[in-house]
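Listed below, chain by chain, are the residues.
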Amino acid sequence: MKIIICGCGKIGKSILESLVREGHEITVIDTEPSVISSVTEIYDVMGICASCTSCDALSRASVQSAGLFVAATSSDEVNMLACFLAGRMGAEHTVARIGNKENNIDNLDFIKRELGLSMIINPDLLTAQTIYNILKFPSAVKSETFTRRRFEMAELTVKSDSILNGAVLYYLRSRLNIPFLVCCVLRENKAYIPKGDFTLQAGDRIGLLAAPDDMHKVLKYIGILQKRAKDVMVLGGSRIAVYLAKELTRSGNNVTIIEKNQSRCNELCAALPQAVNIICGDGTRHALLSEEGLDRTDAFVSLTGMDEENILSSYCALDRKVPKIITKANQDGFGDISEKLGLDCIVSPRRITADIVTQYARALQNSQGSKIETLYRLMNGAVEALEFAVSPDFSRLNTPIKDLNIKPGILLAGIIRGSKTIIPAGNDVILPGDNVIVIAANQKLCDLSEIML
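All values reported here derive from a predicted model rather than from experimental measurement.

Glancing now at the environment of arginine 173. Structurally, arginine 173 is set in helix 7 (residues 169-176). Spatially, the C-alpha atoms of arginine 173 and cysteine 280 are 50 Å apart, while their sequence positions differ by 107 residues. Excluding residues that lie within four positions of it along the chain, arginine 173 makes contacts with Ile178, Phe180, Leu181 and Ile423.

Take a look at the structure:
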């Protein structure tokens, strides 16, 4: 598919990287010559140095034949205008990055409708929602949900003192007598779709799939169920922190935000409920964190604009044995360092945003087949979890799963049938209207039919 990306900052470049891996034909537009020079040297893309609101530049980019137009500059207004122009000039689908916190859901719906946008992305809001989901489910390194929360996916790290260390999957499932699935494993940076005879080891990162109630039972059995975080300390008063604090206070959490800029603290006080405790101070001073109750908090979330500060402050929280620590790190190298230090819950706004756009682009490629409802990248990007809505013309309806001849490295992990959740066995079948969860290691799927040889 032909895709045009406007703006190659952190977010735009991450979207570019993800879509290049998908094999799309991409043109980038940016006002900075050095940026265009850099991305065209690194990636096999066409670059145009111009404003993305220039009709001449859009014409040179062949916007009239673009299947997808993504405006990801740092200016909401530029992104909205660029998408409006691109749509009028013939782009089939348009996606605008809009991050202004003043735009509530009603405003965004109005903007989307009146400008004819296909989708609006807000990296800060998406990141806050991701963090909120983890805090609701603090035993996990990462937590994702599928249709109507019928299934939950949790990434966990196997500890040396865990009963999972040395456990054979077949015997683990038979002992628990609970419908769940260890559907993927990352070991020494290699991804596996494990079979029943797979033996888990300390240090493995595993993907666990189950219905919400069953997930609770499984985590309790293996001894890693943590209570939901009640008291949350947030370092940095960013827009992500604002979105997160509002969501947490609505859920009854106690929230403390530490921000060193006085004027920003004043803005936070005006923007947030009085229940949020705003502290003006340098959170990189560990003494201040101690004074404000780091030792007594249930969760510590570091959201400053500096990856280094986030890592160091999170490591301090780890040393103080804070039960749940979430670290924002946008640069890939810092994410790796964080994990080596024992900080295994890393969030990256640019990765989260890129995954959303990639999911949308993948779904557009397959508008005639089984629709992709959700797409999650797991295990540091080595594994994908996809949810397909089964179309009536799927060729293997009512065929027992044992007869599907599924490709290596692919697992049909779950079936959602109305309000019913199924961890499929060999005799289960796929019916029209089902939602099917597929786990794929090191490969790309656009349609449910592609799971078969």
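So much for the structure itself; the text now carries on.
Here we take up the pattern of salt bridges. Applying the stated criterion across every chain, the model contains 18 salt bridges. Across the salt bridge formed by arginine 350 and glutamate 17, the nearest N and O atoms sit 3.9 Å from each other. Note that arginine 350 is positioned in helix 14 (residues 349-365) and glutamate 17 in helix 1 (residues 10-21), a separation of 333 residues in sequence. Among the residues examined, glutamate 17 registers a relative accessible area of 22% and is labelled partly exposed. The residue lysine 159 makes a salt bridge to aspartate 344 at a minimum N-O spacing of 4.0 Å. Separated by 185 residues along the polypeptide, lysine 159 in the loop between strand 8 (152-157) and helix 7 and aspartate 344 in the loop between helix 13 (332-340) and strand 17 (346-347) bring together distant segments of the chain. Three or more residues are tied together by salt bridges with common partners; here these are Glu22, Asp355, Arg362, Arg377 and Glu384.

Helix length check: helix 14, at 17 residues, gives a terminal C-alpha distance of 25 Å against a target of 24 Å (1.5 Å per residue), a fit within 8%. The buried fraction of helix 14 is high, at 13 of 17 residues.

What follows concerns the packing of aromatic side chains. When we look at a pair of aromatic rings, we describe it by the centre distance and by the angle of the planes. Counted by the stated rule, this structure contains 3 aromatic pairs. Seen from their ring centres, phenylalanine 146 and tyrosine 376 are 5.4 Å apart, and the 75 degrees between their planes marks the pair as edge-to-face. With phenylalanine 146 in the loop between strand 7 (142-145) and strand 8 and tyrosine 376 in strand 18 (residues 371-378), this pair connects stretches of sequence that are 230 residues apart. By relative accessible area, phenylalanine 146 is classed as buried at 3%.

The next point concerns the pairing of strand 20 (residues 410-417). Of all the 8 residues making up strand 20, 6 are buried; the element is thus mostly covered by neighbouring parts of the structure. Two strands pair when backbone bridges link them, and strand 20 and strand 22 (residues 435-441) are joined in this way by 6 bridges, in the antiparallel orientation. Each residue of the ladder has a partner; that of isoleucine 415, found in strand 22, is valine 436. Across 3 bridges, strand 20 lies against strand 21 (residues 420-422) in antiparallel orientation. By the bridge assignment for strand 21, arginine 417 is matched with lysine 420. From the end of strand 20 to the start of strand 21, which pair antiparallel, there are 2 residues, and glycine 418 there has a positive phi angle of about 65 degrees.

Moving on to a nonpolar patch on the surface. A cluster of nonpolar side chains, contributed by Tyr315, Leu318, Ile337 and Leu341, occupies part of the molecular surface with about 320 Å² of accessible area. With respect to the helices, strands and loops of the structure, isoleucine 337 is situated in helix 13.

As a further point, take the side chain of glutamate 259. Of note, glutamate 259 is situated in strand 13 (residues 254-259). Despite being buried, glutamate 259 has no salt bridge partner; arginine 264 is the closest side chain of opposite charge, sitting 5.5 Å away. A distance of 3.0 Å separates a polar side-chain atom of glutamate 259 from the backbone nitrogen of asparagine 261. For glutamate 259, the contacting residues outside a window of four places in its chain are Gly236, Gly237, Arg264, Cys265, Leu268, Ile279, Cys280 and Gly281.

Residues Arg264, Cys265 and Leu268 constitute the buried set of helix 10 (residues 262-271). Around the axis of helix 10, the buried residues are gathered within 105 degrees of arc, so they sit on the same side. Of the surrounding secondary structure, the elements contacted by the buried residues of helix 10 are helix 9 (239-250), strand 13 and strand 14 (277-280).

Okay, the nonpolar core next. By size, the foremost hydrophobic cluster in this structure holds 28 residues, and its most contacted members are Ile131, Leu135, Val234, Leu244, Ile257 and Val301. The element that contributes the greatest number of residues to this core is helix 9, accounting for 7 residues. Ignoring sequence-local partners within four residues, the contact set of isoleucine 131 consists of Ile240, Leu244, Val301, Leu303, Ile326 and Val347. Counting 25 residues, the second-largest nonpolar core is a separate cluster that includes Ile48, Val63, Met80 and Cys83.

All right, on to the sheet that holds strand 7 then. Strands sit in the order 7-8-11-9-10 across an open sheet of 5 strands; the sheet is antiparallel. The open sheet has two edge strands with one neighbour each: strand 7 and strand 10 (190-192). Each neighbouring strand pair of the sheet contributes to a mean axis angle of 20 degrees, computed without reference to strand direction. One ladder, built from 6 bridges, connects strand 8 with strand 11 (residues 205-210); its direction is antiparallel. Note that in strand 11 the partner of glutamate 152 across the bridge is alanine 210. Along the sheet, helix 8 (residues 212-221) makes contact with strand 8, strand 9 (180-187) and strand 11, crossing strand 11 at roughly 135 degrees.

All right, on to the sheet that holds strand 5 (residues 94-97) then. Sheet architecture is open: 6 strands sit in the order 3-2-1-4-5-6, paired in parallel fashion. The sheet terminates laterally at strand 3 (46-49) and strand 6 (119-121), the two strands that pair on one side only. Each strand axis lies, on average, 15 degrees off the axis of its neighbour in the sheet, ignoring direction. The sheet strands contacting helix 2 (residues 33-42) are strand 2 (25-30) and strand 3, and the helix crosses strand 3 at an angle near 175 degrees. Taken strand by strand, helix 14 contacts strand 1 (2-6), strand 4 (68-71), strand 5 and strand 6, and its axis lies near 165 degrees from that of strand 6.

Right, let's get into unusual backbone geometry. With phi around 60 degrees, lysine 321 is a residue other than glycine that occupies positive phi space. Examined against the element boundaries, lysine 321 turns out to sit in the loop between helix 12 (307-319) and strand 16 (324-328). Overall, lysine 321 belongs to the exposed group, its relative accessible area being 69%. Not every positive phi belongs to a glycine, and asparagine 442 is a case in point at roughly 60 degrees.

Cut-offs and rules
Residues numbered from 1 in each chain as written. Predicted model: local features only at pLDDT ≥ 70, side-chain atom pairs only at ≥ 80, totals over all residues. Heavy atoms only, no water. Helix = DSSP H or I, 4+ residues; strand = E, 2+ residues; numbered from the N terminus. Contact = heavy atoms within 4.5 Å. Salt bridge = Lys/Arg side-chain N within 4 Å of Asp/Glu carboxyl O. Buried < 20%, exposed > 50% of the residue type's maximum accessible area, 1.4 Å probe, protein only. Expected span 1.5 Å × (residues − 1). Phe/Tyr/Trp six-rings, centres within 6.5 Å; stacked < 30°, edge-to-face > 60°. Pairing = 2+ DSSP bridges. Patch = residues over 30% accessible without salt bridge, like charges linked within 9 Å, V, L, I, M, F, W, Y side chains within 5 Å. Areas by Shrake-Rupley, 256 points an atom, 1.4 Å probe, with all protein chains shown as cover. Lys, Arg positive; Asp, Glu negative; His and termini not counted. Polar contact = N/O pair within 3.5 Å; in protein donor to acceptor, adjacent residues only side chain to side chain. Arc of directions from axis to C-beta. Core = buried A, V, L, I, M, F, W, Y, C linked by side-chain atoms within 4.5 Å. Axes fitted to C-alpha atoms, helices over the stretch in contact; angles between N-to-C directions.

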